[in-house]
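The lines below spell out each chain.
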Amino acid sequence: MVLSKKRARHVIEEIIALFPDAKPSLDFRNHFELLVAVMLSAQTTDAAVNKATPGLFAAFPTPQTMAEASESEIASYISRLGLYRNKAKFLKKCAQQLLDDFDGQVPQTREELESLAGVGRKTANVVLSVGFGIPAFAVDTHVERICKHHDIVKKSATPLEVEKRVMDVLPPEEWLAAHQAMIYFGRAICHPKNPECDHYPQLYDFSSL
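Since we're looking at a predicted model, the values are computed, not measured.

A count of helical and extended segments in the protein gives 11 helices and zero strands. When the helices and strands of the protein are listed from N to C terminus, the series reads α-α-α-α-α-α-α-α-α-α-α. The globule rule puts the C-alpha radius of gyration for 209 residues at 17 Å, and the 18 Å found for the protein is close to it. When the backbone C-alpha atoms are referred to their principal axes, the protein occupies close to 60 × 30 × 30 Å. For the protein, the accessible area works out to roughly 10,700 Å², and carbon and sulfur atoms hold 52% of it.

Next up, the structure:
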């Protein structure tokens, strides 16, 4: 049974209240580094990405330097990450596209971001919201699991359905805070196995609604 809009908003806002200062856990200094870090984070922990990126960014600080590098050179800096050969191929191609199509700048629309090699909807949404402050809601494994576990969406919902539901439930100014808080909540409390959400009864206190 999927929660009503009011109740779904209550649950998410209680999660935000648990982690009000949640910040992106990927390390980056500019839009290009953010884009690269988010691309690398697919099927890999943010902590692992943060270990790999200092050397990578020191060697290839701009789209031009990365585009000029060979795939094997790029791969050597990220070889401890999952799917690193594929990611190296995407990074090189993406860097070349930034040069060819966007004057070396990271674009600021979802459509343009998704035109880049290795960039899907989730990555585009993170770059828009975290990098540019443009309202967007990214759905990762934590967000999808939490929304299904707490009946914000049906168990069979696709990531796009999760995204649309949360955007319908919350005002745009809360989308980024919700995304960040859900990541922390998923790591600390709403685990894939043995979730501890029952320790936080305020999530389910709908008496004031």
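Alright, that's what it looks like, and here's the rest.
A word on the pattern of salt bridges. Throughout the structure, instances matching the rule amount to nine salt bridges. Between Glu-33 and Arg-29 there is a salt bridge, and its shortest N-O distance comes to 2.6 Å. Judged by relative accessible area, which is 3%, Glu-33 ranks as buried. For Arg-29, a relative accessible area of 66% corresponds to the exposed category.

This part takes up unusual backbone geometry. Here Leu-83, not a glycine, exhibits a phi torsion of approximately 60 degrees, which is positive. With respect to the helices and strands, the residue Leu-83 is situated in the loop between helix H5 (71-77) and helix H6 (84-102). Even without being glycine, Asn-194 reaches a positive phi, approximately 55 degrees. Mapped onto the elements, Asn-194 comes out in the segment after helix H11 (175-188).

Once that is clear, we can look at the packing of helix H9 (residues 141-149) against H11. Put simply, H9 and H11 touch, their axes get as near as 8 Å, and they point 80 degrees apart. When the interaxial angle is binned, H9 and H11 end up roughly perpendicular. For the pair formed by H9 and H11, the contact residues are His-142, Val-143, Arg-145, Ile-146 and Cys-147 on the first element and His-179, Met-182, Ile-183, Phe-185, Gly-186 and Arg-187 on the second.

Turning to the side chain of His-142, a few remarks are in order. As for its position among the elements, His-142 is in helix H9. At 3.1 Å, the side chain of His-142 forms a polar contact with the side chain of Arg-145. Once residues lying within four places of it in the same chain are set aside, the contact partners of His-142 are Met-182, Ile-183, Gly-186 and Arg-187.

So, how was this worked out
Residues numbered from 1 in each chain as written. Predicted model: local features only at pLDDT ≥ 70, side-chain atom pairs only at ≥ 80, totals over all residues. Heavy atoms only, no water. Helix = DSSP H or I, 4+ residues; strand = E, 2+ residues; numbered from the N terminus. Rg over C-alpha atoms; globule rule 2.2 N^0.38 Å. Areas by Shrake-Rupley, 256 points an atom, 1.4 Å probe, with all protein chains shown as cover. Salt bridge = Lys/Arg side-chain N within 4 Å of Asp/Glu carboxyl O. Buried < 20%, exposed > 50% of the residue type's maximum accessible area, 1.4 Å probe, protein only. Axes fitted to C-alpha atoms, helices over the stretch in contact; angles between N-to-C directions. Parallel < 35°, antiparallel > 145°, perpendicular 65-115°, else oblique. Contact = heavy atoms within 4.5 Å. Polar contact = N/O pair within 3.5 Å; in protein donor to acceptor, adjacent residues only side chain to side chain.

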